[in-house]
Amino acid sequence: IAGITQAPTSQILAAGRRMTLRCTQDMRHNAMYWYRQDLGLGLRLIHYSNTAGTTGKGEVPDGYSVSRANTDDFPLTLASAVPSQTSVYFCASRADGNNSPLHFGNGTRLTVT
Amino acid sequence: AQSVSQHNHHVILSEAASLELGCNYSYGGTVNLFWYVQYPGQHLQLLLKYFSGDPLVKGIKGFEAEFIKSKFSFNLRKPSVQWSDTAEYFCAVRTSGTYKYIFGTGTRLKVLA
């Protein structure tokens, strides 16, 4: 079934540890995104990628990095996790064309202690 | 910077009541507009979208939204809600020519059976 796969589903992480959230899509979408969802704040864009080999910063990029080595994968790395990064993280992708909406993965619930 | 405002943070309705959720955005140019729904424990799913043409758009599950350019609004409506509509609803805007989608903070709808 075509879609976006995120892993892990949930994770508890000690502060200061490094963590990579994985995102893979099989729809051959060029554009991919990482959002964090926090109560009362909605979804905020962390980083995005228009196409393989390029990335850009969103609204809240500090403390996060991404890479886009190929079309399918768009991992999000927390180099040294802090408690304020406790959140639900959603990966999304979009087909080319102005009329294309975002497609979302099932999310990763991350707790930093 | 562009922003999206959803003024109703929590809404409680009885079944069969009518629903209207407000969404206003701040951008004077061409926009693409979306409503997404997130059922408890699930990822965001597209309800409907507006790109051009008829300002009244119909989506899935009996939802519709009206784009009023002069008011910078894209309110979501449903004539008669059901218990299964209990979810969080997000309005999103993409300004033409960009890859960024800006989301509102969401409205939590609870429908009482």
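Let me begin by describing the structure that accompanies this report.

What counts and what doesn't
Residues numbered from 1 in each chain as written. Chains lettered and ligands numbered in written order. Predicted model: local features only at pLDDT ≥ 70, side-chain atom pairs only at ≥ 80, totals over all residues. Heavy atoms only, no water. Helix = DSSP H or I, 4+ residues; strand = E, 2+ residues; numbered from the N terminus. Buried < 20%, exposed > 50% of the residue type's maximum accessible area, 1.4 Å probe, protein only. Contact = heavy atoms within 4.5 Å. Areas by Shrake-Rupley, 256 points an atom, 1.4 Å probe, with all protein chains shown as cover. Disulfide = S-S within 2.5 Å. Salt bridge = Lys/Arg side-chain N within 4 Å of Asp/Glu carboxyl O. Pairing = 2+ DSSP bridges. Axes fitted to C-alpha atoms, helices over the stretch in contact; angles between N-to-C directions. Phe/Tyr/Trp six-rings, centres within 6.5 Å; stacked < 30°, edge-to-face > 60°. Lys NZ or Arg CZ within 6 Å of the ring centre and 35° of its normal. Buried area = accessible area lost by both parts, 1.4 Å probe. Polar contact = N/O pair within 3.5 Å; in protein donor to acceptor, adjacent residues only side chain to side chain.

A short note on the overall build of chain A
When helices and strands are tallied, chain A shows zero helices and eleven strands. Element order for chain A, N to C, with α for helix and β for strand: β-β-β-β-β-β-β-β-β-β-β. Principal axes of the C-alpha set define a box for chain A whose edges measure 40 × 30 × 30 Å. Expressed as a percentage of the 113 residues in chain A, the buried residues total 49%. Across chain A, the fraction of contacts at a sequence separation of at least 24, relative to all contacts at a separation of at least 6, is 53%. Only carbon and sulfur atoms are counted for the fraction: they give 49% of the accessible area of chain A, which is about 5200 Å².

Here's the deal with the state of the cysteines
Residues and elements named next belong to chain A. Applying the stated criterion to the full structure yields two disulfides over all chains. Sulfur-sulfur distance for the disulfide between C23 and C91 comes to 1.9 Å. Its torsion about the S-S bond being -70°, the disulfide of C23 and C91 is classed as left-handed. Of this pair, C23 sits in strand β3 (residues 19-25) while C91 is found in strand β9 (residues 87-94), placing the two residues 68 residues apart along the sequence. Take C23: its relative accessible area is 2%, and that puts it in the buried class.

A word on the pattern of salt bridges
This structure, assessed with the given rule, holds eight salt bridges over all chains. Its salt-bridge partner being D38 of chain A, residue R44 of chain A comes within 2.9 Å of it at the nearest N-O pair. D38 of chain A gets classed as buried once you look at its relative accessible area, which sits at 14%. Ionic pairing is found between E64 of chain B and K58 of chain B, a salt bridge with its closest N-O pair at 2.9 Å. Through salt bridges that share partners, K58, E64, E66 and R77 of chain B make up one connected network.

Looking at the sheet that holds strand β7 (residues 64-66) of chain A
Residues and elements named next belong to chain A. Read across the sheet, four strands follow the order β1-β3-β8-β7 without closing on themselves; strand pairing throughout is antiparallel. The open sheet has two edge strands with one neighbour each: β1 (4-7) and β7. Strand-to-strand, the axes of this sheet are offset by a mean angle of 20°, without reference to chain direction. As paired strands, β1 and β3 are joined by four bridges and run antiparallel to one another. Directly across from T5, in β3, lies its bridge partner T24.

Topic: the packing of aromatic side chains
Counting across every chain of the model gives 17 aromatic pairs over all chains. Arranged with centres 6.0 Å apart and planes meeting at 75°, the rings of F104 of chain A and F103 of chain B form a pair that is edge-to-face. Of this pair, F104 of chain A sits in strand β10 (residues 103-104) while F103 of chain B is found in strand β11 (residues 101-103), placing the two residues in two different chains. F103 of chain B shares its class with F104 of chain A; the two are buried. Geometrically, the ring pair formed by F63 of chain B and Y89 of chain B is tilted, given 5.6 Å between the ring centres and 45° between the ring planes. Of the two residues, F63 of chain B sits in the loop between β7 (56-58) and β8 (64-68) while Y89 of chain B sits in strand β10 (residues 87-95), which places them 26 residues apart along the sequence. Residue F63 of chain B shares its accessibility class with Y89 of chain B, and that shared class is buried. Taken together through their ring pairs, the aromatic side chains of Y33, Y35, Y48, F90 and F104 of chain A together with F34, Y36, F51, Y101 and F103 of chain B make up a single cluster. In this structure, R68 of chain A packs its charged tip against the face of F74 of chain A, placed 5.9 Å from the ring centre.

Considering the interface of chain B and chain A
Contact with chain B, which involves 21 residues of that partner, is made by 24 residues of chain A. When chain B packs against chain A, the two sides together hide about 1900 Å² of surface, and 57% of this comes from carbon and sulfur. Summed over the three residues of chain B that lose the most area to chain A, namely H43, Y99 and Y101 of chain B, the buried surface amounts to 33% of that side. In this assembly, chain B and chain A are joined by zero salt bridges. Our enumeration of links across chain B and chain A arrives at six residue pairs in polar contact (both at pLDDT 80 or more).

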